[in-house]
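If you want the building blocks of each chain, they are given just below.
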Amino acid sequence: MSKYTRQDIIRMVNEEDVEFIRLQFTDMFGAFKNVAVTKSQLEKALNNRCMFDASSIEGFVRFEESDMYLYPDLDTFAIFPWRPQQGKVARIICDIFCPDRTPFEGDSRYILKKAIHEAAQQGYQFDVGPECEFFLFHTDEEGGPTTITHERAGFFDLGPMDLGENARRDIVLALEDMGFEIESSHHEVAPAQHRIDFRYDEALITADNIMTFKLAVKTIAKRFGLFASFMPKPRYGVNGSGMHLNISVTKNGRNIFFDEADARGLSKEAYYFIGGLMKHMRGMTAVLNPLVNSYKRLVPGFEAPVYITWSERHRRSLIRIPVERGEATRIELRSPDPAANPYLALAVCILAGLDGIEHKIMPKEPVDASVFEMSGEEQRARAIEALPSNLNEAIDAFADDLLLQKVLGEHISYKYTEEKRAEWRDYCRQVTKWEIDNYLYKI
């Protein structure tokens, strides 16, 4: 059931003195875009008559196919609390439609909606709770981003060691003003690294919330003279930022992952879902970890997963089963990073897990010890696979996984693969400071 009607939106815009409405959408690579309209154009927007030129949006369409419609999702209406309180600014997240009024296959939000619909046809509802980490860095004299921080705070530290405490507090308050239920916020392990957890919700709402969260974090940080970065690994020698996904599935109002008769309290569906994730994980990594830089985080020694394992006990496994059982039973996937497009990330997780349930794919035995401490012989004996070590390897794995290509559709699969291979080739041509420091004086 919808939360708002067209009349509700018009009434709120008038009562709250909203002058600008931002019609937001997400490109294929997870960047928020928008077209702003004034209050006078609101009814036109609500009638799905706002068009935009999609030819300049990366990964969308060619010049001769440029016109697209924005269809506002009325339930995503929210007023920006950080904008002026006279002549306020609101937003509505939109779906993208073609000129013939069919959904655009390159719209990542549409891809997630298709995955949710497929799950719903089998009676499943997916709830997801993200754990979003980010860094707060200083800006330079021109206001540009840096990776400089003067703080030395660590896990759970507080002010005055935590120099981002005030910014983080205002971010939380702004998010609550926009309807978020914030469960906790704290300093993370690395200096200048932070985490804010908001309540789980249905998959589409969660993906929308992740996009809104990133916008709010960056906007409020700027007011404090800071730059908020969701780059997975912006600094050498410290932990990178993850976006762990806590996934639960209900059917007929019951959490299907729980079974009190099982020694671990897990149902067959839970095991199959884990099996599906593990089967498709190497190809999924191209979506969950989409940057060259993502693979600088997925290395030993910094708490991020490196191997395709699952465990109840070992906190550094790729898939972890938190201790709560009953209706709180969930699966935590620890490899995604905040550079991922959340719509595509959740779509591949949903359908990979459903593939496991449909085909009854049992996962390998859990690994409750550190794989890093095992010999190569023991790893091979237990058939432990590693995640892709770089973006090119991940794209190769994606190209070999027909299910994942079906999930994303022909348009996005082709465009995404093409752009990411170009990104990898460009990276490989670069001469880095590390190479200069290590080779120039020797040769």
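For every chain, the first residue of the written sequence is number 1, and numbering continues from 1 along that sequence. Confidence filtering applies because this is a predicted model: local features only for residues at pLDDT of at least 70, side-chain atom pairs given and counted only at 80 or more, and all residues used for totals across whole chains, interfaces and linings. To get the side-chain values, all heavy atoms of the structure are used, and hydrogens and water are removed first.

> Could you give an account of the packing of helix H5 (residues 203-223) against helix H8 (residues 342-358), with specific residues and numbers?
In this analysis, axes come from line fits to C-alpha atoms, helices being fitted only over the stretch in contact, and the angle between any two N-to-C directions falls in the range 0 to 180 degrees. Put simply, DSSP marks the helices as runs of H or I at least four residues long and the strands as runs of E at least two long, and each gets a number from the N terminus on. Packing of H5 against H8 brings their axes to within 9 Å, and their N-to-C directions diverge by 150°. Put simply, H5 runs roughly antiparallel to H8. Between H5 and H8 the crossing geometry is right-handed. Each of Ala203, Leu204, Thr206, Ala207, Asp208, Ile210 and Met211 in H5 lies in contact with H8, whose residues at this interface are Pro342, Tyr343, Leu346 and Ile350. Split into classes, the residues belonging to the contact of H5 with H8 amount to 9 nonpolar, 1 polar and 1 charged. Angle categories are assigned with fixed cut-offs, so that under 35 degrees is roughly parallel, over 145 is roughly antiparallel, 65 to 115 is roughly perpendicular, and the rest are oblique. Put simply, a crossing is left-handed when the front helix is turned counterclockwise from the back one by less than a right angle, and right-handed when it is turned clockwise. By the convention used here, residues are in contact when the closest approach between their heavy atoms is within 4.5 Å. Three categories are distinguished: nonpolar for Ala, Val, Leu, Ile, Met, Phe, Trp, Tyr, Cys and Pro, charged for Asp, Glu, Lys and Arg, and polar for the others, with Gly belonging to the last.

> I'd love a proper account of the packing of helix H6 (residues 268-288) against H8, names of residues and values included.
Closest axis-to-axis distance for the H6/H8 pair is 7 Å, and the angle between their directions is 140°. With respect to each other, H6 and H8 are oriented oblique. Between H6 and H8 lies a crossing of right-handed hand. Touching Glu269, Tyr272, Phe273, Gly276, Leu277, Lys279, His280, Met284, Val287 and Leu288 of H6 are Leu344, Ala345, Val348, Cys349, Ile350, Ala352, Gly353, Leu354, Asp355, Gly356 and Ile357, all from H8. Residues of the contact of H6 with H8, tallied by class, amount to 14 nonpolar, 4 polar and 3 charged.

> Please provide a residue-by-residue account of the pairing of strand S8 (residues 182-187), values included.
A pair of strands is considered paired only if DSSP assigns at least 2 bridges between the two. Taken together, the 5 bridges between S8 and strand S9 (residues 193-198) define a ladder with antiparallel strand orientation. Looking at S9, one finds that histidine 187 is bridged to histidine 194. Taken together, S8 and the strand that follows it, S9, pair antiparallel across an intervening segment of 5 residues, in which alanine 192 is found at a positive phi of about 70°.

> Can you explain the pattern of salt bridges? Please cite residues and give values.
Salt bridges are defined as contacts in which a side-chain nitrogen from Lys or Arg sits within 4 Å of a carboxyl oxygen from Asp or Glu. Here the structure, examined in full by the defined rule, presents 25 salt bridges. Arginine 11 serves as the salt-bridge partner of aspartate 8, at 3.6 Å between the closest nitrogen and oxygen. Of this pair, aspartate 8 and arginine 11 both sit in helix H1 (residues 6-15), 3 residues apart, which is roughly one turn of the helix. Buried, partly exposed and exposed residues are distinguished by accessible area as a fraction of the type maximum, computed with a 1.4 Å probe on protein chains only: under 20%, between the cut-offs, and over 50%, respectively. Its relative accessible area of 39% is what places arginine 11 among the partly exposed residues. Between lysine 113 and aspartate 95 there is a salt bridge; the shortest N-O distance is 2.9 Å. Here lysine 113, found in helix H3 (residues 108-121), pairs with aspartate 95, found in strand S6 (residues 88-97); they are 18 residues apart in sequence, far enough to count as distant. Note on aspartate 95: relative accessible area 9%, which makes it buried. Taken together, the shared-partner salt bridges in this structure form one network comprising Asp73, Asp95, Arg109, Lys113 and Asp208.

> Could you give me a rundown of the pairing of strand S1 (residues 18-26), with the residues and numbers involved?
For a regular strand, side chains alternate in direction, first toward one face of the sheet and then toward the other. As paired elements, S1 and S6 share 6 bridges and run parallel to each other. Within S6, the position partnered with phenylalanine 20 by the bridge is valine 89. Of the pairings in the sheet, the one linking S1 to strand S2 (residues 32-38) comprises 7 bridges and is antiparallel in character. Within S2, the position partnered with arginine 22 by the bridge is alanine 36. Between S1 and S2, which follow one another and run antiparallel, lie 5 residues, and glycine 30 among them has a positive phi close to 90°.

> Before we move on, could you go through the packing of aromatic side chains and cite the residues and values that matter?
For Phe, Tyr and Trp, where Trp contributes only its six-membered ring, two rings pair if their centres lie within 6.5 Å, and the inter-plane angle classes them as stacked under 30 degrees, edge-to-face over 60, or tilted in between. Considering all chains together, one arrives at 17 aromatic pairs under this definition. With a centroid separation of 5.6 Å and an interplanar angle of 45°, the aromatic rings of tryptophan 424 and tyrosine 427 are classed as tilted. In this pair, tryptophan 424 and tyrosine 427 are both assigned in helix H11 (residues 402-429), 3 residues apart and thus about one turn of the helix distant. With centroids separated by 5.5 Å and ring planes inclined at 90°, the aromatic side chains of tryptophan 434 and tyrosine 439 adopt a geometry described as edge-to-face.

> Requested: an account of unusual backbone geometry, with residues and values cited.
Comment: phi is negative for the bulk of residues other than glycine, and the bulk of peptide bonds are trans. Within the chain, asparagine 252 stands out as a residue other than glycine whose phi angle is a positive 55°. Position of asparagine 252 among the secondary structure elements: in the loop between strand S12 (243-251) and strand S13 (254-255). For asparagine 252, a relative accessible area of 78% translates into the label exposed. Positive phi values are uncommon outside glycine, yet glutamate 303 reaches one of about 75°.

> Please set out the environment of threonine 329 residue by residue, giving values where relevant.
Mapped onto the fold, threonine 329 is located in the loop between strand S15 (319-320) and strand S16 (331-333). In this structure threonine 329 comes out as buried when scored by relative accessible area, which is 0%. Taking C-alpha positions, threonine 329 is 7.2 Å from asparagine 255, a pair spaced 74 residues apart along the chain. There is a polar contact of 2.7 Å between the side chain of threonine 329 and the backbone oxygen of glycine 326. Whenever two N or O atoms come within 3.5 Å, that pair is a polar contact, provided that in protein one can donate a hydrogen and the other can accept it, and provided that, for residues adjacent in sequence, both atoms are side-chain atoms.

> I'd like to hear about the side chain of threonine 76, residue by residue, with values.
With respect to the helices and strands, the residue threonine 76 is situated in the loop between strand S4 (67-72) and strand S5 (78-79). Residue class for threonine 76 comes out buried when judged on its relative accessible area of 9%. Those residues in contact with threonine 76 that sit more than four places away from it in its chain are Arg91, Ile92, Ile93, Arg109 and Asp208.

> I'd like a description of H6, backed by residues and values.
Any helix carries an expected span of 1.5 Å times its number of residues minus one. In this model, H6 (21 residues) spans only 25 Å end to end at C-alpha, well below the 30 Å of a helix rising 1.5 Å per residue. The largest bend along H6 measures about 75° and falls at methionine 281. Of all 21 residues making up H6, 17 are buried, and the element is well covered by its neighbours. At every residue, the bend is computed as the angle between two fitted axes, covering the seven residues ending there and the seven beginning there respectively.

> Help me get a handle on the nonpolar core, residues and values and all.
Ranked by internal contacts, the top residues of the largest apolar core, which has 94 residues, are Phe126, Phe213 and Ile319. Phenylalanine 126 has contacts with Ala119, Asp201, Glu202, Ala203, Ile247, Ser248, Val249, Phe273, Ile350 and Leu354, leaving out every residue within four places of it along the chain. We call a set of buried residues a nonpolar core when its members are Ala, Val, Leu, Ile, Met, Phe, Trp, Tyr or Cys and they connect through side-chain atoms within 4.5 Å of each other. Counting 26 residues, the second largest nonpolar core, distinct from the first, contains Ala45, Cys50, Ile96 and Phe104.

> Report on the environment of alanine 261, specifying residues and quantitative values.
Among the structural elements, alanine 261 can be located in the loop between S13 and H6. Remark: the alpha-carbon pair of alanine 261 and isoleucine 21, spanning 240 residues in sequence, is separated by 52 Å.

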